[in-house]
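# Architecture and fold: a report
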Amino acid sequence: EAGVVQSPRYKIIEKKQPVAFWCNPISGHNTLYWYLQNLGQGPELLIRYENEEAVDDSQLPKDRFSAERLKGVDSTLKIQPAELGDSAVYLCASSPGGPLAGVPGDTGELFFGEGSRLTVL
Amino acid sequence: AQKITQTQPGMFVQEKEAVTLDCTYDTSDPSYGLFWYKQPSSGEMIFLIYQGSYDQQNATEGRYSLNFQKARKSANLVISASQLGDSAMYFCAMREGSNAGNMLTFGGGTRLMVKP
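A quick note: this is a predicted structure, and the numbers were derived from the prediction, not measured.

### Notes on unusual backbone geometry
S7(A) connects to P8(A) through a cis peptide bond whose omega is -10°. Residue position: P8(A) is located in the loop between β1 (5-7) and β2 (10-13). With omega at -5°, the peptide bond leading from Q80(A) into P81(A) counts as cis. As for its placement among the helices and strands, P81(A) is situated in the loop between β8 (75-79) and β9 (88-95). With a phi close to 80°, K16(A) is a non-glycine residue in the positive phi region. Mapping K16(A) onto the fold places it in the loop between β2 and β3 (19-24). Residue classification places K16(A) among the exposed residues on the basis of a relative accessible area of 65%. For K16(B), which is not a glycine, the phi torsion comes out positive at approximately 80°. With respect to the secondary-structure elements, K16(B) resides in the loop between β2 (10-14) and β3 (19-21).

Now the structure itself:
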């Protein structure tokens, strides 16, 4: 089974330029997450989708960041314009979602992609 | 208040010895899950082990075990017989509520270095 796929793996841009990241979740996973990970720190949630609906975007800086998940499958995260402080790794994750069944193996585990490392010069 | 606290920024352990990575959490929700992820230098997040708030026994997965002390709100990861390949960042995380789609909140991580 294919995992979470992200692209590009690496992106270097000048400040004030736009950038976009793409994520394809595991097939059948209803919930998709974008996390931001600064160097040496833990991931922080930017936005969470259940199907095509953004259910938690309180941490997304909406003046420059936008995200979409058309048709409830793939998702894109855009930054326009990028600032120096946006240099980080952008992680996409997915999970089946829904209520936990309480059976062994049903953990609500998040499956992560390899991340997109952004460097803003 | 921080929801997940990892107080050890870095740890050294001798190869083949056991090591404990600390994690404390804060929640008022009676239903929650606790996770440990490993992140090697290549960057991918690898799921290691899970403990549910209602689980009576400590979780174990191979060389990994989770020392769950509910009253103290701690969920320490124990790695037995450390290997060189265990050198990585380790993150403790918590999901609050019983919806499997709820977000995970991560701690700041602990960098583990295994010495040969």
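Resuming the write-up.
### Details of the pattern of salt bridges
Residues and elements named next belong to chain B. For the coordinates displayed, the defined rule picks out 8 salt bridges over all chains. K73 serves as the salt-bridge partner of D26, at 3.9 Å between the closest nitrogen and oxygen. Placement of the pair is D26 in the loop between β4 (24-25) and β5 (32-39) and K73 in the loop between β8 (64-69) and β9 (74-79), with a sequence separation of 47 residues. For R63, the salt bridge identified is with D86, shortest N-O distance 2.8 Å.

### Details of the interface of chain B and chain A
A common way to report how large an interface is uses the accessible area buried once the components associate. Contact with chain B, which involves 21 residues of that partner, is made by 25 residues of chain A. Summed over both sides, the interface of chain B with chain A buries roughly 1,800 Å², with 55% coming from carbon and sulfur. Our enumeration of links across chain B and chain A arrives at 0 salt bridges. Joining chain B to chain A, the criterion identifies 3 residue pairs in polar contact (both at pLDDT 80 or more). Contributions of two or more residues to the side of chain B that touches chain A are made by β5, β6 (46-52), β10 (88-96) and β11 (104-106) of chain B. Within the side of chain B that touches chain A, the residues separate by chemical class into 11 nonpolar, 9 polar and 1 charged.

### Quick notes on the packing of aromatic side chains
Counted under the stated rule, the structure contains 14 aromatic pairs over all chains. Where Y35(A) meets F112(A), the ring centres are 5.9 Å apart and the plane angle is 50°; that geometry is what we call tilted. Taken together, the residues Y35(A) in strand β4 (residues 31-37) and F112(A) in strand β10 (residues 111-112) connect sequence positions 77 residues apart. You can call F112(A) buried: its relative accessible area is 10%. Summarising the aromatic geometry, the rings of F35(B) and Y37(B) are spaced 6.5 Å apart at their centres and angled 25° between planes, so their arrangement reads as stacked. Y37(B) matches F35(B) in its accessibility class, with the two residues each being buried.

Reading the values: the criteria
Residues numbered from 1 in each chain as written. Chains lettered and ligands numbered in written order. Predicted model: local features only at pLDDT ≥ 70, side-chain atom pairs only at ≥ 80, totals over all residues. Heavy atoms only, no water. Helix = DSSP H or I, 4+ residues; strand = E, 2+ residues; numbered from the N terminus. Buried < 20%, exposed > 50% of the residue type's maximum accessible area, 1.4 Å probe, protein only. Salt bridge = Lys/Arg side-chain N within 4 Å of Asp/Glu carboxyl O. Contact = heavy atoms within 4.5 Å. Buried area = accessible area lost by both parts, 1.4 Å probe. Polar contact = N/O pair within 3.5 Å; in protein donor to acceptor, adjacent residues only side chain to side chain. Nonpolar A, V, L, I, M, F, W, Y, C, P; charged D, E, K, R; others polar. Phe/Tyr/Trp six-rings, centres within 6.5 Å; stacked < 30°, edge-to-face > 60°.

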